[in-house]
Amino acid sequence: MSCEEIKSIIPLYIKHTATDQDISKVEEHLCICDTCRQHLAQLMDKPNAIPVTAPREETLPEIPIKKDSNILEYIMLGVGAAVLLFVVSLLIKG
Ligand SMILES: [Zn+2]
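Our subject in this report is the structure included herewith. Since the structure is predicted, the reported quantities are computational estimates derived from the model, not experimental observations. (Residues numbered from 1 in each chain as written. Predicted model: local features only at pLDDT ≥ 70, side-chain atom pairs only at ≥ 80, totals over all residues. Heavy atoms only, no water.)

Some points on helix 3 (residues 34-44)
Part 1: Those residues of helix 3 that sit buried are Cys36, Arg37, Leu40 and Ala41. Along helix 3, the residues classed as buried sweep out an arc of 145° about the axis, all on the same side. Opposite its buried face, helix 3 presents the exposed residues Gln38 and Gln42, each directed more than 90 degrees away.
Part 2: In the core, the buried residues of helix 3 are packed alongside helix 1 (3-14) and helix 2 (20-32).
Part 3: Positive backbone phi, at 60°, marks Asp45, one or two positions downstream of helix 3. (Buried < 20%, exposed > 50% of the residue type's maximum accessible area, 1.4 Å probe, protein only. Helix = DSSP H or I, 4+ residues; strand = E, 2+ residues; numbered from the N terminus. Arc of directions from axis to C-beta. Contact = heavy atoms within 4.5 Å.)

So this is what it looks like as structure tokens:
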């Protein structure tokens, strides 16, 4: 199947109105065709939702940054790290 044919089915594929046959054709094609994958990604605006055959690097979940997070906690972490470094450097110096 050509890219043009696939691209004509992709909108149906996204809306889940494509036939089972078309869906499998699209999915097979997407596995081998970057261009159509990107096309689909643009249409869906969700690149991560695109099936790929090659293993992808795991994307780490976004860590929500709390705006009201406790600054003291960070300070304590920093102090703790500094103390640890200090102790380690003392140990190394022997
Ligand atoms: Zn293609």
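Considerations on the coordination of the zinc ion
Each angle at a metal carrying four tetrahedral donors should ideally be 109.5 degrees, and each at a metal carrying six octahedral donors should ideally be 90 or 180 degrees.
Part 1: Around the zinc ion, the protein supplies Cys3 (SG), His29 (NE2), Cys33 (SG) and Cys36 (SG) as donor atoms, at distances of 2.0 to 2.3 Å.
Part 2: Taken together, the four donor atoms coordinating the zinc ion and their angles of 102 to 114° define a geometry best described as tetrahedral.
Part 3: In the primary structure, the donors to the zinc ion are separated according to the pattern C-x25-H-x3-C-x2-C. Here Cys3 is found in helix 1, whereas its partner His29 is found in helix 2, with 26 residues between them in sequence. (Donors = N, O, S within 2.8 Å, 3.2 Å for Na, K, Ca; no water. Tetrahedral: all angles 85-135°; square planar, octahedral: opposite > 155°, others 65-115°.)

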